[in-house]
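# Survey of secondary and tertiary structure
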Amino acid sequence: MPWSYSGLTAFKGQLADSLTADDAKYRSVLEAVSRHIDGWTGHQFRTFLATRYFTPDRTDKLVLDVGLLGSVVLKTDADGNRIYEKTWASTDYDLLPLNAAADLRPYNEIGVTPNGDYSFPLDLAKSVELAAKWGFFEDLLSASTLAEDLDTSETGVDVASGAAFEILQTILVESEQMYITGISSNTLTVERAVNGTTAATHASGKAVSIYRYPGPVIQATIIQAARVFKRKDTPFGVVGGSDLSFARNIPALDPDVKDLLRDYKWEE
């Protein structure tokens with residue numbers, strides 16, 4: 001599943017490149033660097049829907065391994081048969097830290113409420129099923145509207161203004177995420193139903209919003225990707241050849257990139 005924390009235009013501005021000859025390689029580098037940043041920080045800055053499973057080591061608290069945003073369906077299996085008989089109500093748990101959303105941070109724990117009906121099964125493997133929206137925080141910019149009805153399979157999305165978008169941005173139309181891979185005037189070429197969302201029909205006039213990420217994460221992506229790409233021209237360059245080789249040879253993050261990301265390291 002592809003994603004990039006920088007749009008293609010912003011990245012090419014860093015390289016002062018107005019041509020398109022290297023766009024496929026730029027995409028490979030930006031997507032690989034974005035995954036690398038997720039791995040180094042322990043966060044996923046994209047917003048995605050998924051069902052994840054956990055093995056609790058406490059009855060009163062569940063520690064998560066990725067940031068949680070909401071839309072929670074929490075179920076537990078009390079006897080190890082992988083049938084999740086108990087569906088928790090929102091009054092049975094608290095998302096923690098309590099003020100994470102106000103602080104533009106993700107939740108990283110779930111606590112049992114004092115008057116809740118359930119507790120976490122202790123040391124029972126894969127006893128918690130958690131369907132939710134995951135990520136760091138959800139920041140959306142309303143950028144345009146659909147200029148035509150959209151069915152579930154169309155990959156050419158006509159919008160009122162294509163100038164509002166960049167290739168490699170993730171957009172949201174109603175509840176469906178799409179990934180922009182090309183732009184021609186007011187038509188966006190997209191990959192449909194990305195990040196765990198479902199392809200749906202959308203009526204003309206519906207809002208089209210762009211996912212935005214923390215500024216330091218965007219800048220770190222641009223800096224690291226630019227340095228990776230330029231290294232192909234050095235005598236001992238780490239990248240070169242096919243587009244695929246770019247995605248396989250991302251080196252360690254540069255020190256100043258780490259400095260930009262240090263405040264975003266996962267806190268356990």
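Residues numbered from 1 in each chain as written. Predicted model: local features only at pLDDT ≥ 70, side-chain atom pairs only at ≥ 80, totals over all residues. Heavy atoms only, no water.

Time to look at the confidence of the model for the protein chain. Of the residues in the protein chain, 92% have a pLDDT of 70 or more, and the chain-wide mean is 92. When the criterion is pLDDT under 50, residues 235-244 qualifies, and its contacts beyond four places in sequence or with other chains add up to 18 contacts. (pLDDT = per-residue confidence, 0-100. Contact = heavy atoms within 4.5 Å.)

The next thing to look at is the sheet that holds strand S9 (residues 170-173). Ordered in space as S7-S12-S9-S10-S11-S8, the six strands form an open sheet in which the pairing is antiparallel. In the strand order of this sheet, the two ends are held by strand S7 (139-145) and strand S8 (156-158), each with one partner. Going from strand to strand, the sheet's axes swing by 45° on average, the running direction of each strand aside. In the sheet, S7 pairs with strand S12 (residues 207-212) via six bridges, with the strands oriented antiparallel. Looking at the pairing, Leu 141 lines up with Ile 210 of S12. (Pairing = 2+ DSSP bridges. Helix = DSSP H or I, 4+ residues; strand = E, 2+ residues; numbered from the N terminus. Axes fitted to C-alpha atoms, helices over the stretch in contact; angles between N-to-C directions.)

Mapped onto the elements, Leu 146 comes out in the loop between S7 and S8. For Leu 146, a relative accessible area of 3% translates into the label buried. In sequence terms Leu 146 and Asn 81 are 65 residues apart; their C-alpha atoms lie 47 Å from each other. (Buried < 20%, exposed > 50% of the residue type's maximum accessible area, 1.4 Å probe, protein only.)

With that settled, consider the packing of aromatic side chains. Throughout the structure, instances matching the rule amount to 12 aromatic pairs. An angle of 45° between the planes, with centres 5.8 Å apart, marks the rings of Tyr 53 and Tyr 84 as tilted. On the criterion of sequence distance, the pair formed by Tyr 53 in strand S1 (residues 48-54) and Tyr 84 in the loop between strand S2 (61-76) and strand S3 (86-87) is long-range, its members being 31 residues apart. Relative accessible area serves as the criterion here: at 37%, Tyr 53 is assigned to the partly exposed category. Classification of Tyr 84 as buried rests on a relative accessible area of 14%. Residues Trp 88 and Phe 120 carry aromatic rings whose centres are separated by 4.7 Å and whose planes lie at 25° to one another, so their mutual orientation is stacked. (Phe/Tyr/Trp six-rings, centres within 6.5 Å; stacked < 30°, edge-to-face > 60°.)

Glancing now at helix H1 (residues 8-15). If you check which residues of H1 are buried, you get Leu 8, Phe 11, Lys 12 and Leu 15. Summarising the axial view, the buried residues of H1 lie within an arc of 95°, below the 170-degree limit, and thus occupy one face. The exposed residues of H1 that point more than 90 degrees off its buried face are Thr 9 and Gly 13. The inward-facing, buried residues of H1 abut helix H2 (23-41) and helix H3 (215-230). Ala 16 occupies a position one or two residues after H1 and carries a positive phi of about 55°. (Arc of directions from axis to C-beta.)

Attention now moves to the pattern of salt bridges. Side chains bearing opposite charge may pair, as long as their charged atoms lie close to each other. One pass over the full model with this rule turns up 13 salt bridges. Taking the shortest distance from any N to any O, the salt bridge between Asp 60 and Arg 58 comes out at 2.9 Å. Residue Asp 60 is classed as partly exposed on the basis of its relative accessible area of 37%. Between Asp 259 and Arg 262 there is a salt bridge, with its nearest N and O atoms 3.0 Å apart. Accessibility expressed as a relative area gives 46% for Arg 262, which makes it partly exposed. Each of Arg 27, Glu 31 and Glu 191 takes part in a single network of salt bridges with overlapping partners. (Salt bridge = Lys/Arg side-chain N within 4 Å of Asp/Glu carboxyl O.)

Another point: the packing of H2 against H3. For the pair H2 and H3, the least separation of the axes is 9 Å and the interaxial angle reads 125°. Between H2 and H3, the interaxial angle falls into the category oblique. Handedness of the H2/H3 crossing: right-handed. Mapping the contact onto sequence places Lys 25, Tyr 26, Val 29, Leu 30, Val 33, Ser 34 and Ile 37 in H2 and Val 217, Ala 220, Thr 221, Gln 224, Ala 225, Val 228 and Phe 229 in H3. Here the contact of H2 with H3 is built from residues that sort into 10 nonpolar, three polar and one charged. (Parallel < 35°, antiparallel > 145°, perpendicular 65-115°, else oblique. Left-handed = near helix turned anticlockwise from the far one by under 90°. Nonpolar A, V, L, I, M, F, W, Y, C, P; charged D, E, K, R; others polar.)

Attention shifts here to the pairing of strand S11 (residues 187-191). Side-chain direction in a regular strand flips from residue to residue, so the side chains alternate between the two faces of the sheet. Only one face of S11 is covered, namely the one carrying Leu 188 and Val 190; the face carrying Thr 187, Thr 189 and Glu 191 has none of its residues buried. In this structure, S8 lies alongside S11, joined through three bridges in antiparallel fashion. What sits directly across from Gly 156, in S11, is Thr 189. Bridging between strand S10 (residues 176-184) and S11 involves five bridges; their strand directions are antiparallel. Following the sheet pairing, Ser 184 is matched in S11 by Thr 187. Here S10 hands over to S11 after two residues, with Ser 185 in that stretch at a positive phi of 60°.

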